[in-house]
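This is what each chain is made of:
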Amino acid sequence: MTSEPGFDLLIVGAGFGGLYMLHRARRLGLRALVIDKAGDVGGVWYYNRYPGARCDVESMQYSYSFDEALQQDWKWSERFAAQPEILAYARHVAERFDLRRDIRLNTAVVAAAYDEDAGLWRVRTGQDETLSAHFCVMATGCLSATRRPEFTGLETFRGRTLHTGDWPHEGVDFSGQRVGVIGTGSSGIQAIPMIAGQAAHLTVFQRTPNFSVPARNAPMDEDYERSWKDRYAELRERARIDTTSGTVYDKSTHKALEVDAEERQREYERRWRKGGVNFMHSFTDLMVDEQANRTAAEFVRTQIRLAVSDPVLAERLTPRDHPIGTKRICVDTDYHATFNRSNVRLVDLRESPIETFTPEGLRAGGQHHELDAVVLATGYDAMTGALLRMDITGRAGLKLSEAWRDGPRSYLGLMVAGFPNLFTLTGPGSPSVLSNMIFAIEQHVDWIADCLAWMGTHGRSTIEAEPEAQEEWVAHVNEIAEQTLFPRAASWYLGANVPGKARVFMPYAGGVVPYRRKCEAVAAAGYEGFRLSTAQHRKVEIA
Ligand code: NA7
C-alpha cells in the first residue's frame, strides 16, 4: 500500500452535492475525484424516473445559487420542475463547469477505511480498485438507499416488479395492464394519478393515508420568473437569513388560534388555492402546537371529502394517525380525485394486510388481486442508509455501523467522531431534508471548502469531531425535535419506516438560520469542537 494519496479529496456521489463539492475543491486547487455508481450525474434525479416524479420545491429556488450567470441563464419551464428537467439541469451544470473529466461513473464505492499510519482514506470500489485521498466527502444523498419490504412470495410473482426510486431508464408502458402500487408517500401520490391514466386497471395498496396539498403546477409564468431573476441575489440572501427551510415563502405572522375561525379558514383556502408546501406556513405554530396543527389537518381532511365522491372511500383516504406535516407533506396533482375513476381501486392494508404474492398477483385480506406489474413506492432507508450500506471504518477499526448502532451521532451533521477527514454532506444532525436540499448542500459544501482552505493556510492535516462536542450537539438536536410535533409520527425522519432501525429523529429541526449561525461560529472560533492536528508528513496544499 502506498502512503502517497491518489487524490486530495474523494467525493462519493455525483448528485447536486458531489457536483458542487468538486467545483469548490477545484477552485481550491485540490485534486479531487467524484465517484458514482450511476451511469450519469444527477443523484436521486438520475434514479427517480417514475411517472409524475417532480420536485416539491419551486424551480426558481430548487437550483444552485453559487453562480449568478447560471441562475440567470437557466430557464425552468414549470413552476415545479419534473424529473427530466432537473436531470437536464444537473447535466448542464456538469458540462458548464467542465466537471465531467473528474467524475468516474458506473463505479460503486463498497468500502472506505481510514489508514491511520498514512493519514489517508482508502476507498474500495465495486471493481475491486482501491483509491486513496486525504479527505473524503460523502455526498451520498438522504434518500438514495431504496427500501424493498420483504413480501412473502414476491420472488414467485411472474409480472414486473418496479421501485419508484430505481425506475427503468427506457420507461415503462402500462397500457392495457393491471397494475398494483404499494405505498402512498410522496412517490406513490405522484405516480398514482399518472399510472391510473395509462393502465387498464390500478389497485392502490395503502397502509397509511397521507396528508397532501395540491401542487397547482403550471408552465413558468414569465413575470414570476423575471421577478426572481431581477432580484436573485437579494432573495437568495433572504432564504439564508430569514426562513426556516432555506426557501422563501409567504410568511405568516400569526398563530393559528390567534385569529377567529373564519379568518383561519380564509387563510387555509387562500394557500390551498396557491398550492405547494406554503400551506404549512399558514400560521407560525403549526409544527409546535397540537391544537393549531389540528385546525390545518381538519381543513385538509375536508378537502379529501370534497374531492372523493364515495364517502366511505374518502374516509379510508383520510389521515388520522399523525399531525399534519410531521411526515413529509406530499404535494400532488389530482391524487384524491384519481380515486373517482372507474379503473382505480383502493385496498386498505390495515383491514386487508398483504398475505403473499403469487405468480399472478398478490393476496391481501383473503382476496386475490391479479396483477401484471407491481410498483413498490415503499420509500428509503433515509439519511443513514446510503452511508451504512458502504463498509466505513474509521480510527482504530471503528465501524460506522457500530458507532451508529443506536442511531446516527454526528457533530453538526458534518463529521462523526472517530472518522477523521471524512465529511458527510447534509448528514443526520443537520437541517437537510427539513430544508431545500440544494440550499442545504450549498451551505455544507461552502463550509467544508472553507474548512479545507483554513486547514491549508494553518498547516493542519487532520480534522476530527470531538466526542464531547458531538454528544452536546446530538443532545441539542434531540431537544429541539422534542419541542416540535415531529416525533409524533412514525416517519422516515425517525427511522420508523425501516424495521429494526433505531428510532432517532435524524434531521435538525431548529431551522436553517440558527444552524448556519452555529456552523459559522464554530468556524470563526478556529473550528471549535473539532480536533485539528498536523502530521509531519502531510499538509493540505492549497494552490
Ligand atoms: P415514503 O414517504 O417513506 O412512503 C413509503 C410508503 O410505502 C408509505 O405509504 C408506507 O406506508 C408504504 N410502505 C412501506 N412499507 C410498506 C409495507 N411493507 N407494506 C405496505 N406499505 C408499505 O417514501 P416516498 O418514496 O413516497 O417518499 C420519500 C421522500 O422522497 C418524500 O418524503 C419526499 O421527501 C421525497 P406507511 O406510511 O409506512 O404505513
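Relevant structure appears above.
In this text, all values refer to a predicted model and were calculated from it rather than measured experimentally.

**Q** Pulling in residues and values, what's your account of the overall build of the protein?
**A** The secondary structure content of the protein amounts to 15 helices and 20 strands. Relative to the compact-globule value of 24 Å for 543 residues, the protein shows a C-alpha radius of gyration of 24 Å, a close match. Looking at the protein as a whole, 61% of its 543 residues are labelled buried. Surface accessibility of the protein: about 22000 Å² in total, with carbon and sulfur atoms responsible for 48%. Where the 63 positive side-chain charges of the protein centre and where its 71 negative ones centre are 1 Å apart.

**Q** I'd love a proper account of helix α6 (residues 222-229), names of residues and values included.
**A** Burial in α6 covers these residues: E225, W228 and K229. Down the axis, α6 shows its buried residues gathered within 95° of arc, on one side only. Those residues of α6 that are buried lie in contact with α3 (68-73) and α7 (232-241). With a side-chain oxygen positioned 3.0 Å from the backbone nitrogen of D223, the residue opening α6 is D221.

**Q** Give a detailed account of the pairing of strand β15 (residues 367-370), specifying residues and quantitative values.
**A** Sheet analysis places strand β14 (residues 361-364) next to β15, joined by four bridges and oriented antiparallel. Of the residues in β15, the one forming a bridge with R363 is H368.

**Q** Please provide a residue-by-residue account of the site of the ligand, values included.
**A** Taken together, 21 residues surround the ligand, and among them R147, T184, S187, R207 and T208 come closest. T184 places a main-chain nitrogen or oxygen 2.9 Å from an oxygen atom of the ligand. Protein contact buries 86% of the 780 Å² of open area that the ligand shows by itself. In terms of residue class, the shell around the ligand is built from eight nonpolar, eight polar and five charged.

**Q** So, the sheet that holds strand β16 (residues 373-376): which residues are in play, and what are the values?
**A** Read from one edge of the open sheet, five strands run β7-β16-β8-β9-β12, paired in parallel fashion. Since the sheet does not close on itself, it has two edges, and those belong to β7 (160-163) and β12 (344-348), each with one partner. Each adjacent strand pair in this sheet contributes to an overall mean axis angle of 20°, direction not counted. Across four bridges, β7 lies against β16 in parallel orientation. Within the sheet, the bridge partner assigned to H163 lies in β16 and is L376. Sheet strands touched by helix α5 (residues 186-198): β8 (178-182), β9 (201-206), β12 and β16. Its angle to β9, the strand with the most contacts, is close to 155°.

What counts, and at which threshold
- Residues numbered from 1 in each chain as written.
- Predicted model: local features only at pLDDT ≥ 70, side-chain atom pairs only at ≥ 80, totals over all residues.
- Heavy atoms only, no water.
- Helix = DSSP H or I, 4+ residues; strand = E, 2+ residues; numbered from the N terminus.
- Rg over C-alpha atoms; globule rule 2.2 N^0.38 Å.
- Buried < 20%, exposed > 50% of the residue type's maximum accessible area, 1.4 Å probe, protein only.
- Areas by Shrake-Rupley, 256 points an atom, 1.4 Å probe, with all protein chains shown as cover.
- Lys, Arg positive; Asp, Glu negative; His and termini not counted.
- Charge placed at Lys NZ, Arg CZ, Asp CG, Glu CD.
- Arc of directions from axis to C-beta.
- Contact = heavy atoms within 4.5 Å.
- Polar contact = N/O pair within 3.5 Å; in protein donor to acceptor, adjacent residues only side chain to side chain.
- Pairing = 2+ DSSP bridges.
- Near = heavy atom within 4 Å.
- Nonpolar A, V, L, I, M, F, W, Y, C, P; charged D, E, K, R; others polar.
- Axes fitted to C-alpha atoms, helices over the stretch in contact; angles between N-to-C directions.

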